[in-house]
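Chain residues, written in single-letter form:
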Amino acid sequence: MLLLIRNGRVIDPAQGIEDRLDVLIEDGRIARLGQTLSAPGAQMLDASGLIVAPGLVDLHVHLREPGFEGKETVTTGCAAAARGGVTTLVAMPNTKPSTDCPDIVRLVRKKAVPTGINVLPAGAVTVGQKGEQLTDFAALKSAGVPALTDDGLPIQNLALLRQAMLEAKRLGLPLMDHCEDKDMVQNFAVNEGAVSRQLDLPGRPAIAEELQIMRDVMLAEETGTHVHICHISTAKGVDIVRQAKARGVRVTCETCPQYFTLTQEEVLRQGAMARVNPPLRTQADVEGIRAGLADGAIDAIVTDHAPHTTEEKSRPLPDAPSGMVGLETSLALALTGLYHTGLLPLSRVIALMSSSPASLLGLDRGTLAVGRDADLVLFDPDEAWVIDKNRFASKGRNTPFHGRAVQGRVKYTISRGTIIYQEG
């Protein structure tokens, strides 16, 4: 099968390409890039006015299945990914049962096959994510996990965490960590500060995140393990990572659109809809995240897509679960908040959402190099639209961005040469 994409502006940060080129796809792989290509019998796709880029790679997604299919399924989550231009995603292990054994890894991957999305389940670090006994890392790696994480249940036992790091290093698996000290944050709903005081609620202090980032950095430095900090949210946290990188420590980190777009005041306007872990922080933290994206301290933009039911998010703020959906809005929010404000060039935004996250986990994705799988996103970087949660493919409607005007819209998503999403 031949597909010829004509007249688009190709941006592939991994190859340093930014030019008006045609892309020829044959049998699911990139066959040629060049000007005025011809391919008799090929399906033609006119990309005039569009950016043609590698499919997005999201390192942090909650698909909820198995166990929580009322919130999301592999099928609905992958449909949301396709609408957002995401062709590869890493699924978090906080399912029921947890992704702590090869059987669950294989189950999730099998369910994803018909969707066209490349789903890579992360393996749990500890059995049942209980922080007590390490899983069989070697078996999980053989089943195809790209990384290990206990996700929202970070390991507090330092001896066990160090043991996990050493074993992960031996097997060449990155360890992804949600950095918050559980005794300091408990199940509190908001950032500790002006908003928590106004609401008369206990808060999640920034230091709870920063101490665990420092802990992980020191262990990474001592063990030589690749440690990846999940959804970093504070300016000081970014600075800790920045300084560690300067020393040559194998530490990387990610952030999400909410952390460079929203502040803790959003909780006053939207209540539980703006509840997320780690919490929305201060304007100074937003600026710190933006600075980290600009100078390279932050390596990737992810969604932490975390769907919940309408009933759950309708509960009072202290009782509602944390999390927001993001697969269908992340590219638009990044373009609006980073590119259209002049903070980052378009190629840098694309790199943060494709080639860089792929490189972090050693994935053969995030590029349009000849011979690679033809995973692409075609989008209009300037089209203005308004986010409407009622039109999401995801089961989750829990977004604080409903009604927000944005710029940048996905028109086509292509996975292994097949168009899996077309606007309209």
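Whatever comes next refers back to the structure up there.
Predicted, not measured: the structure shown is a model, and the values here were computed from it.

The rules we used
- Residues numbered from 1 in each chain as written.
- Predicted model: local features only at pLDDT ≥ 70, side-chain atom pairs only at ≥ 80, totals over all residues.
- Heavy atoms only, no water.
- Pairing = 2+ DSSP bridges.
- Helix = DSSP H or I, 4+ residues; strand = E, 2+ residues; numbered from the N terminus.
- Axes fitted to C-alpha atoms, helices over the stretch in contact; angles between N-to-C directions.
- Buried < 20%, exposed > 50% of the residue type's maximum accessible area, 1.4 Å probe, protein only.
- Contact = heavy atoms within 4.5 Å.
- Core = buried A, V, L, I, M, F, W, Y, C linked by side-chain atoms within 4.5 Å.

## Here's the deal with the sheet that holds strand β6 (residues 56–61)
Turning to step 1, where the next piece is worked out: Taken in spatial order, the 3 strands line up as β6-β7-β8 in an open sheet, and their pairing is parallel. In this open sheet, the two strands that pair with only one neighbour each are β6 and β8 (118–121). Strand-to-strand, the axes of this sheet are offset by a mean angle of 20°, without reference to chain direction.
Turning to step 2, where the next piece is worked out: The sheet contact formed by β6 and strand β7 (residues 86–91) spans 4 bridges and is parallel. Within β7, the residue paired with Val-61 across the bridge is Ala-91.

## Topic: the side chain of Ser-356
Turning to step 1, where the next piece is worked out: Along the chain, Ser-356 turns up in helix α15 (residues 355–360).
Turning to step 2, where the next piece is worked out: Judged by its relative accessible area of 17%, Ser-356 falls in the buried class.
Turning to step 3, where the next piece is worked out: Dropping the residues within four chain positions of it, Ser-356 is found in contact with Asp-299 and Ala-351.

## Here we look at the nonpolar core
Turning to step 1, where the next piece is worked out: Ranked by size, the top nonpolar core spans 109 residues in total, and within it Leu-89, Val-119, Leu-293 and Phe-379 carry the most contacts.
Turning to step 2, where the next piece is worked out: When neighbours within four sequence positions are excluded, Leu-293 is seen to be in contact with Thr-255, Phe-260, Ile-298, Ile-301, Leu-338, Leu-344, Arg-348 and Leu-352.
Turning to step 3, where the next piece is worked out: By size, the runner-up hydrophobic cluster in this structure holds 17 residues, among which are Ile-5, Val-10, Leu-21 and Leu-378.

## Structural notes on the sheet that holds strand β14 (residues 300–301)
Turning to step 1, where the next piece is worked out: Taking strand neighbours across the sheet as the criterion, the 4 strands line up as β9-β12-β13-β14 in an open arrangement whose pairing is parallel. The sheet is open, and its two edges are formed by β9 (175–177) and β14, each paired on a single side.
Turning to step 2, where the next piece is worked out: The pairing of strand β12 (residues 227–229) with strand β13 (residues 251–255) spans 3 bridges and is classified as parallel. By the bridge assignment, Ile-229 is partnered in β13 with Cys-253.

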